[in-house]
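Below are the chains, spelled out letter by letter.
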Amino acid sequence: MSEFVMESCKVNEDGHLTVAGVDTVSLAKEYGTPLMVMDENKIRQVCRIYKKAMIENFGENALPLFASKALSFKGIYRIMAEEGLGSDAVSSGEIYTAKEAGFDVSRMVFHGNNKTDEDIRFAMESGVGRFVVDNIEELEAINRIAGQIGIKQKIQIRITPGIDPHTHKAISTGKIDSKFGNAIATGQAEEITLKALDTPNVELTGFHCHIGSQIFETEPFISAAEIMIEYIADIKKKTGFSAFELNLGGGFGVRYVKEHPYFDYSAAIKTIADKMKNSAKQHGVKMPVIMMEPGRSIVASAGLTLYTVGSVKQIPDFKNYISVDGGMADNPRYALYQSQYEIKIANKINAKSDFVCSIAGRCCESGDLLAENITLPKAERGDILAVLVTGAYNYSMASNYNRLGRPAIVMIKDGKPYIAVRRETLKDLVAYDM
Ligand code: LLP
């Protein structure tokens, strides 16, 4: 077991942090900073855990779909294809990236609470397998466009089961007042289901729910799954329609800091499956084909970000800052959610930690921080700072604020680093300017 939250991190004889067996200080020197480093073997290992647990507990047709909003670039879709996972998408951009990678988009579900007509047409013409329909206007648009193209589009309907998973408000989406989906409690779920069954150019395959993200308890997932089984039973009684697919969304928690628990994905899937099978039996419904949409749990713990320290500012009696050459532009999660991270000075792992400080990014914005009041060894200009567990929702949420280029992603496969996404250059930054 590693002394770090990231299992693939260790310390070498130089006192440097390593990831997947490679010295992070050498990586920073070779590829520059800020740099995202990802352990490909770790990503594949988690994919296999999901695949195995889902097939064992839900049957051979069960399918994990990688929630690619967590991390989207061509290489990641290739890995998912090789590991036999499907994927989700929320935009034409994600669908296009997957297609460019040669990913079979019939194994893709298309999400979002406001798919444009252009998105809908692009997804249909690309052959995206399922649309997860969020609202009535979208259902009508899908029907119209499918009619024009001359296809019958398979759809799942996004249902809001009304579960509050006690997580950070900004990432909790299964509650009744959510902007996503159709609540059972208000009757809107039934309304859109009846309409879908009566819509000629769509084929309703089943339902979808997603209750939130970064959840460590199994109970909210069990409750949601049981509510969905009940809903399937209710619709069957009222209409005769038997849903044959149920997509349970994503949301399993990730250990970002030592205070977070370990979460056994495999055990959780088994518990949820056992409870669901019981519930299905009780309600007299056949167990549907189960899909899940893990995002964070597949990639977060496989990644870390390396920065170079620029300055150490000590404001006597107030605060100390270590400034790095990235920040909210490549990782907006602290600014948005005060997300906690394990942070290390990669070239001084064995040095004494007694410097209480905040980590500042380089953007012109006081809120551009990566952490506050953490204790590190005293740093100096040129040191390499590592923020661990940044594989999910960092690169995918990165921006060009202050015209900063987005970092490169270096993957490590079997101990060998390779560039998976190159660093954005100054030229890239003006590429769209006329
Ligand atoms: N399926 C749907 C419909 C979703 O909305 C999400 C995440 C997932 C699956 C994947 O959930 P996961 O397994 O990654 O928890 N930007 C935030 C997270 C937003 C999550 C949005 N939806 C963050 O950085 O924490």
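Anyway, here's the lowdown on the structure attached to this text. (Residues numbered from 1 in each chain as written. Predicted model: local features only at pLDDT ≥ 70, side-chain atom pairs only at ≥ 80, totals over all residues. Heavy atoms only, no water.)

**Comments concerning the site of the ligand**
- Close to the ligand lie 18 residues; Ser-213, Glu-293, Arg-296, Arg-333 and Tyr-393 are nearest.
- Within the backbone of Gly-251, one N or O atom sits 2.9 Å away from an oxygen atom of the ligand.
- Contact between the ligand and Tyr-393: an oxygen atom at 2.6 Å from a side-chain N or O atom of the residue.
- In isolation the ligand has 580 Å² of accessible area, and contact with the protein removes 92% of it.
- Each residue belonging to the shell around the ligand can be placed in one class, and the counts come to six nonpolar, seven polar and five charged.
- When residues of the shell around the ligand are assigned to domains, at least three fall in each of domain 1 (9-39 + 300-429) and domain 2 (111-294). (Near = heavy atom within 4 Å. Polar contact = N/O pair within 3.5 Å; in protein donor to acceptor, adjacent residues only side chain to side chain. Areas by Shrake-Rupley, 256 points an atom, 1.4 Å probe, with all protein chains shown as cover. Nonpolar A, V, L, I, M, F, W, Y, C, P; charged D, E, K, R; others polar. Domains from an automatic or database assignment.)

**Thoughts on the sheet that holds strand E3 (residues 22-23)**
- Taking strand neighbours across the sheet as the criterion, the three strands line up as E1-E2-E3 in an open arrangement whose pairing is antiparallel. At either margin of the open sheet sits one strand with a lone partner, and together these are strand E1 (9-11) and E3.
- By the bridge criterion, three bridges tie E1 to strand E2 (residues 17-19) in an arrangement that is antiparallel. Bridge assignment links Cys-9 to a residue of E2, and that residue is Val-19. (Pairing = 2+ DSSP bridges. Helix = DSSP H or I, 4+ residues; strand = E, 2+ residues; numbered from the N terminus.)

**As for the packing of aromatic side chains**
- What the rule picks out here adds up to 13 aromatic pairs.
- Measuring from centroid to centroid gives 5.3 Å for Phe-110 and Phe-131, while their planes differ by 75°, and the two rings are edge-to-face. In this pair, Phe-110 is assigned in strand E7 (residues 108-110) and Phe-131 in strand E8 (residues 130-133), connecting sequence segments 21 residues apart.
- Residue class for Phe-110 comes out buried when judged on its relative accessible area of 0%.
- Pairing Phe-252 with Phe-263 gives two aromatic rings, centres 5.0 Å apart and planes at 70°, and the pair type is edge-to-face. One end of the pair, Phe-252, is in the loop between strand E12 (245-247) and helix H9 (265-283); the other, Phe-263, is in the loop between E12 and H9, with eleven residues separating them in the sequence. Across the pair, Phe-263 and Phe-252 agree in class, each one buried.
- Within the aromatic cluster, the residues linked to one another by ring pairs are Tyr-50, Phe-216, Phe-221, Phe-252, Phe-263 and Tyr-265. (Phe/Tyr/Trp six-rings, centres within 6.5 Å; stacked < 30°, edge-to-face > 60°. Buried < 20%, exposed > 50% of the residue type's maximum accessible area, 1.4 Å probe, protein only.)

**Considerations on the packing of helix H2 (residues 40-58) against H9**
- The interhelical angle for the contact between H2 and H9, taken along N-to-C directions, is 20°, at an axis separation of 9 Å. For the element pair H2 / H9, the angle class is roughly parallel. The element H2 and its partner H9 pack so that their crossing is right-handed. Contacts between H2 and H9 involve Val-46, Ile-49, Tyr-50, Ala-53, Met-54, Asn-57 and Phe-58 on the former and, on the latter, Tyr-265, Ser-266, Ile-269, Lys-270, Ala-273, Met-276 and Lys-277.
- Across the contact of H2 with H9, the residue classes tally to ten nonpolar, two polar and two charged. (Axes fitted to C-alpha atoms, helices over the stretch in contact; angles between N-to-C directions. Parallel < 35°, antiparallel > 145°, perpendicular 65-115°, else oblique. Left-handed = near helix turned anticlockwise from the far one by under 90°. Contact = heavy atoms within 4.5 Å.)

**Re the pairing of strand E5 (residues 63-67)**
- Burial analysis of E5 places five of its five residues in the buried class, which makes it a mostly covered element.
- Neither face of E5 is open: one carries Leu-63, Leu-65 and Ala-67, the other Pro-64 and Phe-66, and all of them are buried.
- By the bridge criterion, two bridges tie E5 to strand E13 (residues 289-292) in an arrangement that is parallel. Bridge pairing links Pro-64 to Met-292 in E13.
- Bridge count between E5 and strand E6 (residues 86-89): three bridges; the pairing is parallel.

**Re unusual backbone geometry**
- That bond from Thr-33 to Pro-34 is cis: its omega, -10°, falls within 30 degrees of zero.
- Looking at the secondary structure, you find Pro-34 in the loop between helix H1 (24-31) and strand E4 (35-39).
- Despite not being glycine, Gln-338 shows a phi value in the positive range, around 50°.
- Along the chain, Gln-338 falls in the loop between helix H11 (333-337) and strand E16 (343-345).
- For Gln-338, a relative accessible area of 43% translates into the label partly exposed.
- Of note in the backbone geometry, Tyr-393 takes a positive phi value of approximately 55° without being a glycine.
- With respect to the element layout, Tyr-393 can be found in the loop between strand E19 (384-388) and strand E20 (408-413).

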